[in-house]
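# Reading the structure
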Amino acid sequence: MSFGSARVWKIVGLAGLAGVTATGVIIARNHRQRTQRTPEEIHARLRERVAAAQKAA
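What you see as residue numbers is a count from 1 along each chain, following the sequence as written. Totals for whole chains, interfaces and linings use all residues, but because this is a predicted model, local features are given only for residues with pLDDT of at least 70 and pairs of side-chain atoms are given and counted only at 80 or more. The side-chain values count all of the structure's non-hydrogen atoms but skip hydrogen atoms and water molecules.

## As for the overall build of the protein chain
What counts, and what does not: Each helix is a run of H or I in the DSSP string that is no shorter than four residues. Each strand is a run of E no shorter than two, and both are numbered from the N terminus. Here the globule rule is a power law, 2.2 Å times the number of residues to the power 0.38, and the radius of gyration is based on C-alpha atoms. Only protein chains enter the accessibility calculation, which uses a 1.4 Å probe; a residue whose area is less than 20% of its type maximum is buried, one above 50% is exposed, and one in between is partly exposed. Note on areas: these come from Shrake-Rupley sampling with a 1.4 Å probe, and a residue is covered only by the protein chains present in the view.
Looking only at helices and strands, the protein chain has two helices and zero strands in total. Relative to the globule expectation of 10 Å for 57 residues, the C-alpha radius of gyration of the protein chain, 22 Å, shows a markedly less compact shape. In the protein chain, buried positions account for 0% of the 57 residues. Counting only carbon and sulfur atoms, one obtains 65% of the accessible surface of the protein chain, whose full area is about 5400 Å².

Below is the structure:
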């Protein structure tokens, strides 16, 4: 194995690690947004979505 191929694998590994980290950040952000809503807000949003779906149908 030459030093060139080792460098390529290091770059590929770092890119994979960055991808996993970015995915984790996105998942954590979405989870925080979901958990910050009160049950009343969730219920109101569901009612809005049902009303919009009924209008579209």
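From this point, the discussion proceeds with the structure in view.
## Considering a nonpolar patch on the surface
Note the following rule: Note that patches include only residues with greater than 30% relative accessible area and no salt bridge, and the join distances are 9 Å for like charges and 5 Å for nonpolar side chains (Val, Leu, Ile, Met, Phe, Trp, Tyr). Every case where a carboxyl oxygen of Asp or Glu lies within 4 Å of a side-chain nitrogen of Lys or Arg is listed as a salt bridge.
Taken together, the side chains of V8, W9 and V12 present a nonpolar region at the surface, about 330 Å² in accessible area. Among the secondary structure elements, W9 is positioned in helix 1 (residues 3–35).

## Focus: a positive patch on the surface
Just so we agree on the cut-off: Positive charges are assigned to Lys and Arg, negative charges to Asp and Glu, while His and the chain termini are left out of the count. Where a charge lies is defined by one atom per residue type, namely NZ (Lys), CZ (Arg), CG (Asp) and CD (Glu).
A grouping of R34, R37, R45 and R49 is seen on the molecular surface, where their side chains present a positively charged patch. In this fold, R49 is placed in helix 2 (residues 39–56). Residue class for R49 comes out exposed when judged on its relative accessible area of 59%.

So far we have only geometry, and geometry alone does not tell us how the molecule works.
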